[in-house]
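Survey of secondary and tertiary structure
Here are the chains, one letter per residue:
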Amino acid sequence: MEFNDLLRMGGVDPAVCAIMLHAPVEPELRRGLLAMAQEDPDLFRVYQDNHPRNPEATLKRHGMVASFVVEEGESARFVGMFGISGWTFRSSVELDADPVRQRLQERFRGKGFVELEGEGSGRAVFDLEELPELAELRGRLVIRRSPGRAYMRLATNNRLDVMEISRTPQFAPPAPD
């Protein structure tokens, strides 16, 4: 079974869905991202509400996004479906003044965040709201991510095999042995 099969079963057309595979290279951020998605949804929303130009363009063309956090190896855990109700351009000064964004930067000491280019720069900040579609799979669904470095993808262009659907959500990494 593939993730697109689950989308269809949940009433979602894969053609309107982007896929976000969050895979920060910083170990602290990678470990904390799943827990943040569960414990502090506002902070997680801010983490995923703005992107560099190419991923930004993908989101502007789609109505929803399926969000995953990459775990060890080739697996990624499902965080949820988010509707894209619009976006607003915000300058780097406005972004830096956002108290939730400041809290995010403090929590991870600024690691893992794309710098804004040039004086007076900014980016689109997307209005993302969690959708009920596939909500029962939050934290339970694990997919095998397809090869490649891009973290923003199109559902229709990707074969994402379902590896596991656990009985209970697992947002925290397993304790070390």
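In this report, we go over the structure that sits alongside the text. Only a predicted model underlies this, so the values are computations on that prediction, with no experimental measurement involved. (Residues numbered from 1 in each chain as written. Predicted model: local features only at pLDDT ≥ 70, side-chain atom pairs only at ≥ 80, totals over all residues. Heavy atoms only, no water.)

1. Looking at the packing of aromatic side chains
According to the stated counting rule, one finds 4 aromatic pairs in the structure shown. Between Phe 3 and Phe 68, the aromatic rings sit 5.1 Å apart at their centres with planes inclined by 80 degrees, giving edge-to-face as the arrangement. Residue Phe 3 is found in helix H1 (residues 3-9), and its partner Phe 68 is found in strand S2 (residues 64-70); the two are separated by 65 residues along the sequence. Side by side, Phe 3 and Phe 68 carry an identical accessibility label, which is buried. Seen in terms of ring centroids, Phe 3 and Phe 78 are 6.0 Å apart; in terms of plane orientation they differ by 50 degrees. Their pairing is tilted. Of this pair, Phe 3 sits in helix H1 while Phe 78 sits in strand S3 (residues 75-91), and the two are 75 residues apart along the sequence. According to the relative accessible area criterion, Phe 3 is buried, its value standing at 1%. Three or more aromatic residues joined by ring pairs make a cluster, and in this case those are Phe 3, Phe 68 and Phe 78. (Phe/Tyr/Trp six-rings, centres within 6.5 Å; stacked < 30°, edge-to-face > 60°. Helix = DSSP H or I, 4+ residues; strand = E, 2+ residues; numbered from the N terminus. Buried < 20%, exposed > 50% of the residue type's maximum accessible area, 1.4 Å probe, protein only.)

2. Observations regarding the nonpolar core
If you look at soluble globular proteins, the nonpolar side chains tend to sit buried side by side. Ranked by size, the top nonpolar core spans 21 residues in total, and within it Phe 3, Phe 68, Phe 78 and Met 81 carry the most contacts. When residues of this core are traced back to their parent elements, those giving at least two are H1, strand S1 (17-22), S2, S3 and strand S5 (141-144). At 4 residues, the largest contribution of residues to this core is made by S2. Setting aside its immediate chain neighbours within four residues, Phe 3 contacts Ile 19, Ala 66, Phe 68, Phe 78, Met 81, Leu 134, Leu 141, Ile 143, Leu 160 and Val 162. (Core = buried A, V, L, I, M, F, W, Y, C linked by side-chain atoms within 4.5 Å. Contact = heavy atoms within 4.5 Å.)

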